Amino acid sequence: MNSQYSDKALRSRVKLFGHMLGAVLREHAGDKVYTAVEALRKGHIRLRKHEYHSLRKRLNHLVDNLDIDTLSQVIRAFSTYFMLANIAEEAFQHHQRRRITRSASTWKGSFDATMHELFAAGITVPQLQELLNQLHYSPVFTAHPTESKRRTIMDILRRIFITGEQLDNPAYMRWEKNEIEQLLAAQIQGLWKTDEVRGTKPRVKDEIGNGLYYFRECLFEAVPQVYRNLEQAIQRVYGEDAAQIKVPSFLHFGSWIGGDRDGNPNVKPETTELAVLLYCQDALVAYLNNARELGKVLTHSSVLCMPSEQLLQSLSSDAPFLANAFKERPERFLAEPYRRKIGVIRYRLERNLATIKNLLQGGQDATPHEDAYASNADLLKDLYLIRDSLISHGDANIAGMGLQKLIRQVETFGFHLVHLDVRQESTRHTEAVAQILKLQPQALDYEKLNEQQRLALLARLIAGEHTVTLDTKALSDGNRETVDLFHVMRRMQDKVSSAVFGSYVISMTHAASHVLEVMFLGKIAGLVGKNTRGDWFCDLRIAPLFETITDLEHIEPVMSQLLDTDVYAAMLRASGNLQEVMLGYSDSCKDGGILSSTWTLYQAQNQITGLARQRNVRVRLFHGRGGTVGRGGGPTYDSILAQPPGTVNGQIKFTEQGEVLSFKYSNHETAVYELGMGAAGLIQASHNLVVQTAQDTAPYIRIMAEMAKRGEASYRTLTDRTPGFLDYFY
């Protein structure tokens, strides 16, 4: 980040943690474990500096002769040490960024650096506003076996992080720092005595809880901070003109946890329903807690300031709510209008929460209480009303604190918290459609139809040209489950929020008919159709997933055929004229190697964007990235900038898998940094929305194509023609 970079503080903190862990090992694991750990640690430090054959041989001999129990303890010791080292590094990087900011410098990918580059490039205030208005940044959390940390371990690590931060407070005296170090030592001791892995296989409900952890502990607070950081950077760079710029809430979170059933037999329709309700419950609880705190701050007296006429009118309209909200003490806060209004907000949110709890307890026919908010948009109207009233009597600074934080949270998380994506493999839909059509009075053999015949038939069925009858009891268990899922989606949209679901992802999409099959199943459940005015509606967004090298190479014909199908084009227009396409990094890499995969993905993005542009359709690319390079991993900022010119267009969506979740979102400070870097990358990569940008040149394209061809050939030589290659994995 800086030429004066020094890691002295980091080394000191790692050393402190190491000494504390060593003391715990000596006292609680025994001298045998401690001695083995120290011998291995010191020995491998020497080997890093210089290769000593005899030393390496002795260390290997030491490991080979450890009994199972001691070896297990030694492995745990090093695992614990590296967790502590990661905490130290995370805290150190946070302090480095703060130090750079204090020195009026910026780092690559910061909001300040991004705004300076835009300003230098001549991006005007209206252009910047236009760019910001088109942003959509969506990380999607997935359950993945590469993340094995228990929530209990993450809680302990978070406490160690916070306690360690206190050591850097210059206001503390030596005796106070000694007490902090004692607390740290106790926390590390607790970490050592806590099982790192779960004793039982996690249920899907447990995985949902793991995903919720990041929102409860970090993201509810981190997200408003990201927006504040961006607003402040714009103000610093654009000066007085920045007052004209409004930063919209463009962060949106998705999840596959509870919706991804591809290869996971434990994810049932009822699991997806449970996930939706748990996500909603957490959002409502967070809003209630924040509204309660807000009531302690907005204590303005109507004797000392004059609220806006609109706020006073709303309180008059709220008379039925006020009667229930202050049933025991009707006169409470009579001279404090904001606290009265917040009382109404809390009362109505409690009614929303009661509905969700009823559904969680099995009340499938529960209807929302008449006093509950119909949507998060209605809640936002009340919050905006309070904000505007505060501004009207000179309290804009107060409005910009806790109230604005709550507004950002509701704008970002709604009543749904996350947009739950559903994923299923394409053949499951084909099988369900085939059986449904076979059970019709005039039976149809769908499986014998070719692709063109399937498309024509599905288009007619979606358009309602034929009546389809369905007795789900006649379906096989698997097909009934497939159909039931769509009914769950309809029910949850009606009872919870229209925004609870993100995309229906079809893995192994090989043909346009795979998408229309899902649309047809959606029509059966009432997610697609015509309203009473005869206009199309579509509450189902479908994202075909192209995974293998072959699938990526076939994107153009498949997507052309799909987008040129009239009934699908009509559905697309009815749902916002946005086509989402998911690209698989892991399978394409396994199929053709890293270089071939990366280049094929690069080309596919250009093809998709071009096809959509020709048809006046907006496109959002959904990147199925993992943590490792082979799964598309890498720094988010650089990854976004590496996308083909003109393909990002203000929108990006990507999976956050496994260990990436705990690395990025366990601590508030790191989450703010990671989200900021990603948002800055999105802004940088979307210049083409307001100014003309450079395109790839033909010579470079030819060079990359040749490199990818050779890379794939080399990869296939390794995987297909190297004796013993498969044996290595067994």
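Quick caveat, the model's predicted, so the values are computed rather than measured.

Chemist: What is the right way to look at the overall build of the chain in this model?
Modeler: Per the secondary structure count, the chain includes 29 helices and ten strands. Overall size of the chain, expressed as C-alpha extent along the three principal axes, is 85 × 80 × 55 Å. By residue count, 51% of the 730 residues in the chain fall in the buried class. Contacts spanning at least 24 positions in sequence make up 80% of the contacts within the chain whose residues lie at least 6 apart. Accessible area for the chain stands at about 34400 Å²; split by element, carbon and sulfur atoms hold 52% of it. Charged side chains in the chain number 84 positive and 83 negative. The centres of these two groups are separated by 4 Å.

Chemist: Looking at this structure, how should I read the packing of helix α1 (residues 8-29) against helix α8 (residues 174-192)?
Modeler: For any two helices packed against each other, one specifies the inter-axial angle together with the distance between the axes. Between α1 and α8, the least distance of the axes is 9 Å, while the angle of their chain directions is 55°. By the angle between their axes, α1 is oblique relative to α8. As α1 packs across α8, the resulting crossing turns out to be right-handed. Contact residues: α1 offers F17, M20, L21, V24, L25, H28 and A29, while α8 offers E181, L184, A185, I188, Q189 and W192. Grouping the constituent residues of the contact of α1 with α8 by class yields ten nonpolar, two polar and one charged.

Chemist: Quick question: what am I supposed to make of the packing of helix α10 (residues 269-297) against helix α18 (residues 477-495) here?
Modeler: Where α10 contacts α18, the axes come no closer than 8 Å and their chain directions differ by 20°. Considering the angle they form, α10 stands roughly parallel to α18. Every pair of crossing elements has a handedness; the one defined by α10 and α18 is right-handed. In this structure, α10 uses P269, T272, E273, V276 and L277 to contact α18, whose residues at the interface are E481, D484, L485, V488, R491 and M492. Residue classes in the contact of α10 with α18 are distributed as six nonpolar, one polar and four charged.

Chemist: Looking at this structure, how should I read the environment of A120?
Modeler: Within the element layout of this structure, A120 appears in helix α5 (residues 111-120). As a C-alpha pair, A120 and V617 span 497 residues in sequence and 32 Å in three-dimensional space.

Chemist: Which parts of the structure should I look at to understand the sheet that holds strand β3 (residues 419-425)?
Modeler: In a beta sheet, neighbouring strands are held together by backbone hydrogen bonds and run either parallel or antiparallel to one another. Read once around its circumference, the closed barrel built from eight strands follows the order β1-β2-β3-β4-β7-β8-β9-β10, with strand pairing classed as parallel. Direction of pairing for strand β2 (residues 254-255) relative to β3: parallel, over a ladder of two bridges. Bridging across to β3, S255 finds its partner in L420. Where helix α16 (residues 426-438) meets the sheet, it contacts β3 and β4 (501-507), and its direction lies at approximately 75° from that of β3.

Chemist: How should α16 be read in this particular structure?
Modeler: Count 3.6 residues to each turn of an α-helix, and residues three or four apart come out pointing the same way. With 13 residues, α16 extends 19 Å between its outermost C-alpha atoms, agreeing within 8% with the 18 Å of an ideal straight helix rising 1.5 Å per residue. The complete set of buried residues in α16 reads S426, H429, T430, A432, V433, A434, Q435, I436 and L437. Against β3, α17 (451-463), α18, β4 and α19 (512-524) lie the buried residues of α16.

Chemist: How should I be thinking about the nonpolar core in this particular structure?
Modeler: Looking at soluble globular proteins, one finds that nonpolar side chains tend to be buried together. Counting 157 residues, the largest nonpolar core has M115, I234, Y238, F253 and L540 as the members making the most contacts within it. It is helix α9 (residues 204-238) that provides the largest number of residues to this core, a total of 18 residues. Sequence-distant contacts of F253, defined by excluding residues within four places in its chain, comprise S138, P139, F141, F215, L219, V223, T412, F413, L417, V418, H419 and L675. Judged by nonpolar contacts, the second largest core, of 37 residues, contains A29, Y34, I87 and I156.

Chemist: I tried to follow the pairing of β3 on my own but got confused; where do I start?
Modeler: When a strand is regular, its side chains alternate between the sheet's two faces. Burial analysis of β3 places six of its seven residues in the buried class, the great majority of the element. In this structure, β3 lies alongside β4, joined through five bridges in parallel fashion. Each bridged residue has a counterpart across the sheet, and for E425 the counterpart in β4 is S507.

Chemist: Explain the pattern of salt bridges here, please?
Modeler: When the charged atoms of two side chains lie near each other, side chains of opposite charge can form a pair. Per the stated rule, a full pass over the model turns up 39 salt bridges. Taking the shortest distance from any N to any O, the salt bridge between D206 and R203 comes out at 3.2 Å. Overall, D206 belongs to the partly exposed group, its relative accessible area being 23%. The salt bridge partner of D564 is R615, with a shortest N-O separation of 2.7 Å. Of this pair, D564 sits in the loop between α21 (555-563) and α22 (566-574) while R615 sits in the loop between α24 (594-614) and β9 (618-624), and the two are 51 residues apart along the sequence.

Chemist: It is not clear to me how unusual backbone geometry should be interpreted in this structure. Could you clarify?
Modeler: Glycine aside, residues mostly have negative phi, and peptide bonds are mostly found in the trans state. Backbone geometry at M508 places phi at a positive 55°, although glycine is not the residue there. With respect to the helices, strands and loops of the structure, M508 is situated in the loop between β4 and α19. One non-glycine residue, N577, lies in positive phi territory at about 60°. Of note, N577 is situated in the loop between α22 and β8 (578-584).

Chemist: Honestly, the packing of aromatic side chains in this entry has me stumped. Any pointers?
Modeler: The geometry of an aromatic ring pair comes down to the distance between the two centres and the angle between the two planes. Taken as a whole and judged by the stated rule, the model has 18 aromatic pairs. Ring geometry for Y137 and F654: centres 5.4 Å apart, planes at 70°, overall edge-to-face. Highlighted residues: Y137 in strand β1 (residues 136-141) and F654 in strand β10 (residues 651-656), separated in sequence by 517 residues. Neither Y137 nor F654 differs from the other in exposure class; each is buried. Grouping aromatic residues by their ring pairs yields a cluster made of F141, Y213, Y214, F215, F220, F253, F413 and Y665. Across the ring face of Y373, the terminal group of R348 is positioned such that the distance to the ring centre comes to 4.1 Å. Against the face of F622 rests K653, its NZ or CZ located 4.5 Å from the ring centre.

Chemist: Is there a simple way to explain a nonpolar patch on the surface in this structure?
Modeler: On the surface, L595, Y700, I703 and M707 cluster together into a nonpolar patch covering about 400 Å² of accessible area. The topology assignment puts I703 in helix α28 (residues 698-721). The partly exposed category is assigned to I703, whose relative accessible area is 47%.

Chemist: Even after reading the chapter, I still don't get the side chain of T142, so can you show me in this structure?
Modeler: Summarising the element assignment, T142 is placed in the loop between β1 and α7 (151-166). The class of T142 is buried, set by a relative accessible area of 4%. Apart from residues no more than four positions distant in its own chain, T142 is found in contact with W256, I257, T655, E656, Q657, G658 and L661.

So, how was this worked out
All residue numbers refer to positions counted from 1 along the written sequence of the respective chain. Two thresholds apply to this predicted model, a pLDDT of at least 70 for residue-level local features and 80 or more for giving and counting side-chain atom pairs, whereas whole-chain, interface and lining totals are computed over all residues. As a convention, hydrogens and water are excluded, and side-chain values are obtained from all of the structure's heavy atoms. Helix numbering and strand numbering both begin at the N terminus, where a helix is a DSSP run of H or I of at least 4 residues and a strand a DSSP run of E of at least 2. The buried label applies to any residue whose accessible area, calculated with a 1.4 Å probe on protein chains only, is under 20% of its type's maximum; exposed applies above 50%, and partly exposed to all values in between. Note on contacts: a residue pair is in contact if any heavy atoms of the two residues lie within 4.5 Å. The Shrake-Rupley method, run with a 1.4 Å probe sphere, supplies the accessible areas, and residue values consider only the shown protein chains as cover. Charge assignment: positive for Lys and Arg, negative for Asp and Glu; neither His nor the chain ends contribute. Charge placement uses NZ in Lys and CZ in Arg. For Asp and Glu, CG and CD serve respectively. Orientation is described by axes fitted as lines to C-alpha atoms, over the contacting stretch for helices, and by angles from 0 to 180 degrees between their N-to-C directions. Roughly parallel refers to an angle under 35 degrees, roughly antiparallel to one over 145, roughly perpendicular to one between 65 and 115, and oblique to any angle outside these ranges. Should the near helix be turned counterclockwise from the far one by less than a right angle, the crossing is left-handed, whereas a clockwise turn marks it as right-handed. For this scheme, ten residues count as nonpolar: Ala, Val, Leu, Ile, Met, Phe, Trp, Tyr, Cys and Pro. Four count as charged, namely Asp, Glu, Lys and Arg, and the remainder, Gly too, count as polar. Strand pairing is defined by DSSP finding a minimum of two bridges between the two strands. Helix span is expected to be 1.5 Å times the residue number reduced by one. Put simply, a nonpolar core is a bunch of buried Ala, Val, Leu, Ile, Met, Phe, Trp, Tyr and Cys residues held in one set by side-chain atoms that sit within 4.5 Å of each other. Should a side-chain nitrogen of Lys or Arg be within 4 Å of a carboxyl oxygen of Asp or Glu, the pair is scored as a salt bridge. Each pair of aromatic rings taken from Phe, Tyr and Trp, with Trp reduced to its six-membered ring, is defined by centres within 6.5 Å and is described as stacked if the planes are under 30 degrees apart, edge-to-face if over 60, and tilted in the remaining cases. In this scheme, Lys NZ or Arg CZ marks a charge over a ring once it lies within 6 Å of the ring centre and within 35 degrees of the ring normal. A residue counts toward a patch only above 30% relative accessible area and without a salt bridge, and it is joined to like-charged neighbours within 9 Å or, for Val, Leu, Ile, Met, Phe, Trp and Tyr, to nonpolar neighbours within 5 Å.

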